[in-house]
Amino acid sequence: MSTTRKRLFIKTYGCQMNVYDSDRMKDVLTPLGYESADTPEGADLVILNTCHIREKAAEKVYSELGRLRPLKDEKAASGGMTIAVAGCVAQAEGAEIMKRAPVVDLVVGPQTYHKLPELIAQAHRAKGEALDTEFEVEDKFDRLGSDRQVEGYSAFVTVQEGCDKFCTFCVVPYTRGAEWSRPVDQIVAEIRALAAKGIREVTLLGQNVNAFHGAPPSGREDEGAWGLGKLVRHVALIGGIERIRFTTSHPRDMDEDLIQAFADTPKLMPYFHLPVQAGSDKILKSMNRQHTAEEYIAIIDRLRAARPDIAISGDMIIGFPGETDADFEATLDLVRRVNYASCFSFKYSKRPGTPGAAMFNQVDEGVKSARLAVLQELLSDQQAAFNESMIGQTLPVLFEKPGRLDGQLHGRSPYLQSVHVEGPAELIGQIGEVRIEAASRNSLSGSLTGSKRSAA
Ligand code: SAM
Ligand code: SF4
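The rules behind these values
- Residues numbered from 1 in each chain as written.
- Chains lettered and ligands numbered in written order.
- Predicted model: local features only at pLDDT ≥ 70, side-chain atom pairs only at ≥ 80, totals over all residues.
- Heavy atoms only, no water.
- Helix = DSSP H or I, 4+ residues; strand = E, 2+ residues; numbered from the N terminus.
- Rg over C-alpha atoms; globule rule 2.2 N^0.38 Å.
- Buried < 20%, exposed > 50% of the residue type's maximum accessible area, 1.4 Å probe, protein only.
- Contact = heavy atoms within 4.5 Å.
- Areas by Shrake-Rupley, 256 points an atom, 1.4 Å probe, with all protein chains shown as cover.
- Lys, Arg positive; Asp, Glu negative; His and termini not counted.
- Charge placed at Lys NZ, Arg CZ, Asp CG, Glu CD.
- Near = heavy atom within 4 Å.
- Nonpolar A, V, L, I, M, F, W, Y, C, P; charged D, E, K, R; others polar.
- Core = buried A, V, L, I, M, F, W, Y, C linked by side-chain atoms within 4.5 Å.
- Polar contact = N/O pair within 3.5 Å; in protein donor to acceptor, adjacent residues only side chain to side chain.
- Salt bridge = Lys/Arg side-chain N within 4 Å of Asp/Glu carboxyl O.
- Pairing = 2+ DSSP bridges.
- Right-handed = clockwise from strand over helix to strand, strands pointing away.

> Explain the overall build of the protein here, please?
Within the protein, the secondary structure is distributed over 14 helices and 19 strands. Relative to its length of 456 residues, the protein is compact, with a C-alpha radius of gyration of 23 Å against a globular reference of 23 Å. Over its C-alpha atoms, taken along the principal directions, the protein stretches across nearly 60 × 60 × 55 Å. Residues classed as buried in the protein amount to 55% of the 456 residues present. Restricting to contacts in the protein with at least 6 residues of sequence separation, those with at least 24 account for 71%. Entry remark: accessible area of the protein is about 19,300 Å², with carbon and sulfur atoms responsible for 52%. Taken as two groups, the 54 positive and 62 negative side-chain charges of the protein have centres that lie 2 Å from each other.

> Sorry, what's going on with the site of ligand 2 here?
Close to ligand 2 lie Cys163, Lys165, Phe166, Cys167, Phe169, Cys170, Val172, Pro173, His250 and Arg289, which account for all nearby residues. Across the shell around ligand 2, the residue classes break down as 7 nonpolar, 1 polar and 2 charged.

> Looking at this model, I keep getting lost on the nonpolar core. Mind explaining?
General note: in soluble globular proteins, nonpolar side chains tend to be found buried as a group. Grouped together as the largest cluster of nonpolar side chains are 67 residues, with contacts concentrated most on Val202, Leu204, Phe246 and Tyr340. With 7 residues, the top contributor of residues to this core is helix α12 (residues 293-306). Beyond its immediate sequence surroundings of up to four residues, Tyr340 is in contact with Val276, Tyr296, Ile312, Ser313, Gly314, Met316, Leu334, Val335, Leu379, Gln382 and Gln383.

> Would you mind going over the site of ligand 1 with me for this structure?
Taken together, 16 residues form the shell around ligand 1, and within it Phe169, Gln207, Gln277, Asp315 and Ser349 come nearest. Contact distances for ligand 1 include 2.7 Å between an oxygen atom and a side-chain N or O atom of Gln277. At the level of elements, β13 (311-318) and β14 (342-347) are the ones that each hand at least two residues to the shell around ligand 1.

> Hey, could you run me through the pattern of salt bridges in this one?
All told, the structure shown has 29 salt bridges when counted by the stated rule. Here Asp105 makes a salt bridge to Lys72, at a shortest N to O gap of 2.6 Å. Of the two residues, Asp105 sits in the loop between α4 (96-100) and β5 (106-108) while Lys72 sits in helix α2 (residues 57-75), which places them 33 residues apart along the sequence. Relative accessible area serves as the criterion here: at 8%, Asp105 is assigned to the buried category. Between Asp309 and Arg307 there is a salt bridge whose closest N-O contact spans 3.2 Å. With relative accessibility at 10%, the residue Arg307 sits in the buried group.

> What's the story with the pairing of β14 in this structure? I'm lost.
For a regular strand, side-chain orientation follows a simple rule: the groups alternate between the two sheet faces. In terms of strand pairing, β13 meets β14 through 6 bridges, oriented parallel. Across the sheet, the residue bridging to Ile318 is Lys347, located in β14. Viewed along the sheet, the connection from β13 through helix α13 (residues 325-338) into β14 turns out right-handed.

> For this particular structure, what's the right way to read the side chain of Asp21?
You can see Asp21 is positioned in helix α1 (residues 16-29). When near neighbours in sequence (up to four residues on either side) are disregarded, Asp21 contacts Asn49, Pro110, Tyr113, Lys140 and Arg176.

Shown next, in the form of structure tokens:
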């Protein structure tokens, strides 16, 4: 295997699953001598790991490719630059990308990036033929193995991929394929290896993570598939892992065992992302979300009963086809009842090939913008109130790195808030108790209480 040093630049778009995939692409390429670079200038290999969730996603990728062309021309005299398009746009567009942008040497889908070494070799042999967008997820994780390069103290671990829900606004079922869960043993091996490298916090990832149903640990076939609650409790037993999170969950897949995991597993952080998308039953039905607003609220109530300090975050889509003023009011009403610690909100955008895009009753862009502004003001007030409610509390903070000022540390609260505090650098990588003294919309600050919990 060649070990000549080569520069690799990966640009990652979209969700945490793409962040995980980009990290794993680096893992696959390191044995070939690739080292991460911060910019594409002079890189031997540039990978655009794309996301298809937003409107004009493909167009954005083509304009980025246009910007890469002169860099590729410049590099031609010194070894050349290979350009790869990966991720969901690669999956959706396939060979079309190489036709429309000849600057691209290879196209690889989210389920086949473990084959990058072969594809790169193929691209160098026969330009225009290096394309792999099959859905062969099992093979991918077997070939990737559990050894990962890590930085810092927190890592993403994909446990589930794909989605069978077919919400009428969403492209994910078309770009990521059918739902599939990794076997428990494989996940545990990866997390053990991460813990041995100093990782203290893991976020279990899946497009529909609470639909997880992984094969049980070896030799226990009679047991049936494990749900996410059981997996979380098992991960909590891994030495060195102090904090567990998971995302993204679907209300339809919430089961009692997972709710109970919040009550009986202190390492599971009391911060839960449960998108609802809308507060009107008519719109939820048209979105094919398969639950009502009251059912969503009932789940939140059960979670709060199980773990009184739990905070909720969510996702909302404004201006889905057919949304009236009354439907929008129902969304505001649900937001008031849930009282989110944080919530992403998006204007509905048509995704080609999804049922929502073909609906005749699209909402006017101006109306969408006006409604979004009203919703965002409410959500911003809720987030500010949540952060202010931390003042006077003592929170465990995982210190990640030095802060911007001398002698300052930056860490994360259980609710993923940024926390700044004065303290010694030795605390980096550990959890310390911080008394919160001030809060802004995006961060908290305070002072160390003196008690620290070693995370090692
Ligand atoms: N699986 C998750 C769920 O069921 O809620 C969400 C996955 S999706 C990658 C992330 C978020 O993007 C969604 O929750 C939704 O709010 C937003 N989104 C997806 N498609 C959209 C569209 N066509 N227009 C606007 N927002 C969209
Ligand atoms: Fe998309 Fe999530 Fe719906 Fe699946 S459950 S179709 S990923 S929004």
